[in-house]
Amino acid sequence: MNEKTDKQIKDEFTLRRMRQRISYFIYLFLILVIFLIRGNSNLAWAFIGVYVIYSLMYLVYFHWNWRCPSCNNHLDGFFNKKSGVNPFFHSKIVHCPYCEKLLR
Ligand SMILES: [Zn+2]
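Calculation rules
- Residues numbered from 1 in each chain as written.
- Predicted model: local features only at pLDDT ≥ 70, side-chain atom pairs only at ≥ 80, totals over all residues.
- Helix = DSSP H or I, 4+ residues; strand = E, 2+ residues; numbered from the N terminus.
- Buried ≥ 20, exposed ≤ 12 C-beta atoms within 10 Å, placed from the backbone.
- Contact = placed C-beta atoms within 7 Å.

## A closer look at the overall build of the protein
Broken down by element type, the protein carries two helices and zero strands. Relative to its full complement of 104 residues, the protein shows a buried share of 13%. Contacts in the protein between residues far apart in sequence, at least 24 positions, make up 52% of those at least 6 positions apart.

## Quick word on the environment of Ser23
As for its position among the elements, Ser23 is in helix 1 (residues 6-36). With 16 C-beta atoms counted inside 10 Å, the residue Ser23 sits in the partly exposed group. Non-local contacts of Ser23, meaning those with residues more than four positions away in its chain, are made with Tyr58 and Tyr61.

## Structural notes on the environment of Tyr54
Along the polypeptide, Tyr54 turns up in helix 2 (residues 41-65). On the basis of neighbour count, Tyr54 is assigned to the partly exposed category, with 17 C-beta atoms found within 10 Å. Between the C-alpha atom of Tyr54 and that of Ile26, which follows or precedes it by 28 residues, the distance is 9.0 Å. Residues contacting Tyr54, with those up to four places away along its chain left out, are Tyr27 and Leu30.

## A look at the environment of Asp11
Structurally, Asp11 can be placed in helix 1. Expressed as a C-alpha distance, the spacing of Asp11 and Arg104, which sit 93 residues apart in the sequence, is 7.9 Å.

## Regarding unusual backbone geometry
Positioned with a positive phi, Asn72 is a non-glycine residue whose angle comes to about 65°. Secondary-structure assignment places Asn72 in the segment after helix 2. Classification of Asn72 as exposed rests on a count of 10 C-beta atoms within 10 Å. A positive phi angle is found at Glu100, which is not glycine, with a value near 65°. If you trace the backbone, Glu100 turns up in the segment after helix 2. The exposure class of Glu100 is exposed, given the 11 C-beta atoms found within 10 Å.

So, to be careful, I would describe these as geometric facts and stop short of saying anything about function.
Here you go:
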């Protein structure tokens, strides 16, 4: 088995966190678009459809992407205060809660 170096783990974690943030900003952007076009009901409903589909894709993506690069365990939910695992605003995670590898 090919062990990753500490630098590879950190680089991959940074990449995963960036991808997670980008997908989250797209999510917020869709909400903003729906808000801005709410006067045009046909268009707004179309975007609500896009939003629902994107939300489902986002959940799948979150489950797939937000993992430890070393042990591949999922790094838990949005509001896990205990381990500080949050891909968005309070990303205080330093160690993987499962394998204790330094992530950044
Ligand atoms: Zn791990």
